[in-house]
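Observations on the three-dimensional arrangement
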Amino acid sequence: MKNKLSINFRAMMFGLFSLLVLTTTSSFITLPDNPDAIVGVWKTGEGNAMVRIYKNGEKYQGKVVWLKEPIDPETGKPKLDKNQSDETAKKRPVLGLINIWGFLPKENNVWDEGNIYDPKNGNTYSSTMKLINANTLEVRGYIGVSLIGRTDTWTRQVK
């Protein structure tokens, strides 16, 4: 009886140990660090725009390459950056607008020290991006510290 109990206990402990090893090691398995991994076209979380991210020197930036509604219903013309505070910039089209810039690759598939511009409200925010998997990018915009902000999940548009 004691021997049977001992075998069951060992089997249970082995199972728990295996589960612990599996969960611990899987948390260390990440995408390989590739600074160019974010290069491509990404659809925003709301699905109303696509941004092409590309390398510019040693930094990464992106521009709006597609809008779900590219025409302003009030004017019947292409949407302009009308929420911008600079009067001359209010005349620039949103399509083709560079709205993210200055990102530097860091470790663990993170790009930091960047900025993101939101044409819906005309505000620019500090930003960081994290590649969750090959087709999912978390883009966080914030004021001051990263804790005060909002994260949007973008999806890679595969050709």
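What you see as residue numbers is a count from 1 along each chain, following the sequence as written. Selection of residues for local features in this predicted model requires a pLDDT of at least 70, selection of side-chain atom pairs for listing and counting requires 80 or more, and totals for whole chains, interfaces and linings are taken over all residues. Excluding hydrogens and water, the side-chain values take into account all heavy atoms of the structure.

Turning our attention to the sheet that holds strand S4 (residues 98-106). Whether two strands pair depends on DSSP finding at least two bridges between them. A helix here means a DSSP run of H or I that spans at least four residues, while a strand means a run of E at least two residues long, and both kinds are numbered starting from the N terminus. Pairing is antiparallel in the closed barrel, where eight strands are placed in the order S1-S2-S3-S4-S5-S6-S7-S8. Adjacent strand axes in the sheet meet at a mean angle of 30°, parallel and antiparallel pairs treated alike. Angles shown run from 0 to 180 degrees and are taken between the N-to-C directions of axes, each axis being a line fitted to C-alpha atoms and, for helices, limited to the stretch in contact.

Before going further, it helps to examine the nonpolar core. By convention a nonpolar core is built from buried Ala, Val, Leu, Ile, Met, Phe, Trp, Tyr and Cys residues, the set being connected through side-chain atoms within 4.5 Å. Only protein chains enter the accessibility calculation, which uses a 1.4 Å probe; a residue is then buried when its area is under 20% of its type maximum, exposed when over 50%, and partly exposed in between. Core analysis: the largest hydrophobic core is formed by 15 residues, its most contacted members being Ile-38, Ile-53, Ile-100, Trp-111, Met-129, Leu-137 and Trp-154. Elements with a contribution of two residues or more to this core: strand S2 (49-56), S4, strand S5 (110-118), strand S6 (123-133) and strand S7 (136-142). Discounting residues that sit within four places of it in the chain, Ile-100 has contacts with Val-51, Ile-53, Gln-61, Gly-62, Asn-115, Ile-116, Met-129 and Trp-154. Whether two residues touch is decided by their heavy atoms; if any such pair falls within 4.5 Å, the residues are in contact.

We now examine a nonpolar patch on the surface. Nonpolar side chains collect at one region of the surface, where Val-145, Leu-147 and Ile-148 lie side by side and expose about 350 Å² of accessible area between them. Judged by its relative accessible area of 80%, Leu-147 is exposed. The patch calculation keeps residues exceeding 30% relative accessible area without a salt bridge and links them within 9 Å when they carry like charges or within 5 Å when they are nonpolar (Val, Leu, Ile, Met, Phe, Trp, Tyr). Accessible areas in this description were obtained via Shrake-Rupley with a 1.4 Å probe; residue shielding takes into account the shown protein chains only. Whenever Lys or Arg places a side-chain nitrogen within 4 Å of a carboxyl oxygen from Asp or Glu, that contact is recorded as a salt bridge.

Looking now at the layout of surface pockets. As defined here, a cavity is a set of points on a 1 Å grid over the protein atoms alone where a 1.4 Å probe fits but cannot get out. A pocket is an open set with protein on both sides within 12 Å along at least five of seven lines, and residues line them when an atom is within 4 Å of a point. Grid points are joined across faces, edges and corners, and a volume is the space filled by probe spheres set on the points. When its volume is computed, the largest pocket comes out at roughly 770 Å³. Asn-48, Tyr-117, Asp-118, Pro-119 and Lys-120 are the residues nearest the centre of the largest pocket, which is lined by 33 residues in total.

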